[in-house]
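Residue-level structural notes
Here is how the chains run, residue by residue.
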Amino acid sequence: MSYGDEATVRRILQETGDTWAVVGLSTNTRRAAYGVARVLQRAGKRVVPVHPRAETVLGEQGYASLAEIPFPVDVVDVFVNSHLAGEIADQAVAAGARAVWFQLDVIDEAAYERTTTAGLDMVMDKCPAIELPLL
């Protein structure tokens, strides 16, 4: 099943907004989250690290949770295991995000239903770093 058609992917990447909270982003340069965050920055997105250590990453102040971010976030990009991702999607809805993006192999069908029912765009099992060059 596809969780994010081409129109939704395009809308999130081009129209939804430029502030992306990247959940799971740390200073570990070997992690996929770090590489994807760099691609997002190069594409003009503001990347906000969300990680329990609240580290500053790629020049941006980090926060321990979505609830701690003191400004609006447009997209929540999720780099956590699928069994944890649904809670992050619920937090994104509560925080007023406009879209949620679950990375490759991050799948939670119930979270997809809840999030889209709440009116947010959502993509699952895709990577914005792969999708951006295809626009």
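Going by the structure above, here's the rest.
Report follows, based on the coordinates.

Conventions we followed
Residues numbered from 1 in each chain as written. Predicted model: local features only at pLDDT ≥ 70, side-chain atom pairs only at ≥ 80, totals over all residues. Heavy atoms only, no water. Phe/Tyr/Trp six-rings, centres within 6.5 Å; stacked < 30°, edge-to-face > 60°. Helix = DSSP H or I, 4+ residues; strand = E, 2+ residues; numbered from the N terminus. Buried < 20%, exposed > 50% of the residue type's maximum accessible area, 1.4 Å probe, protein only. Lys NZ or Arg CZ within 6 Å of the ring centre and 35° of its normal. Arc of directions from axis to C-beta. Polar contact = N/O pair within 3.5 Å; in protein donor to acceptor, adjacent residues only side chain to side chain. Pairing = 2+ DSSP bridges. Right-handed = clockwise from strand over helix to strand, strands pointing away.

Once that is clear, we can look at the packing of aromatic side chains. For the structure shown, the criterion picks out two aromatic pairs. Plain terms: the ring middles of tryptophan 20 and tryptophan 101 are 6.0 Å apart, the flat faces sit at 45 degrees to each other, and that makes the pair tilted. Of this pair, tryptophan 20 sits in strand β1 (residues 19-23) while tryptophan 101 is found in strand β4 (residues 99-102), placing the two residues 81 residues apart along the sequence. Tryptophan 101 carries the same exposure label as tryptophan 20, and that label is buried. Look at tyrosine 63 and phenylalanine 71: their rings are 6.2 Å apart centre to centre, the planes differ by 80 degrees, and that puts the pair in the edge-to-face class. You can call phenylalanine 71 partly exposed: its relative accessible area is 23%. One cation-aromatic arrangement involves arginine 46 over phenylalanine 71; the distance from NZ or CZ to the ring centre is 4.1 Å.

All right, on to helix α1 (residues 6-14) then. Here α1 has its buried residues at Thr8, Val9, Ile12 and Leu13. For α1, the buried positions fall inside an angular range of 125 degrees around the axis, keeping them on one side. For α1, the capping residue at the N-terminal end is aspartate 5, with a side-chain oxygen 3.2 Å from the backbone nitrogen of alanine 7.

What follows is about the pairing of β4. By the alternation rule, side chains of β4 split into Ala99 and Trp101 and Val100 and Phe102, which are all buried. Across four bridges, strand β3 (residues 75-78) lies against β4 in parallel orientation. Its bridge partner lying in β4, valine 75 is registered against alanine 99. For the handedness criterion, the β-α-β arrangement of β3, helix α3 (residues 82-95) and β4 is classed as right-handed. Where β4 and strand β5 (residues 121-123) come together, three bridges link them in parallel fashion. Each bridged residue has a counterpart across the sheet, and for alanine 99 the counterpart in β5 is aspartate 121. Each parallel crossover has a hand, and the one from β4 via helix α4 (residues 109-117) to β5 is right-handed.

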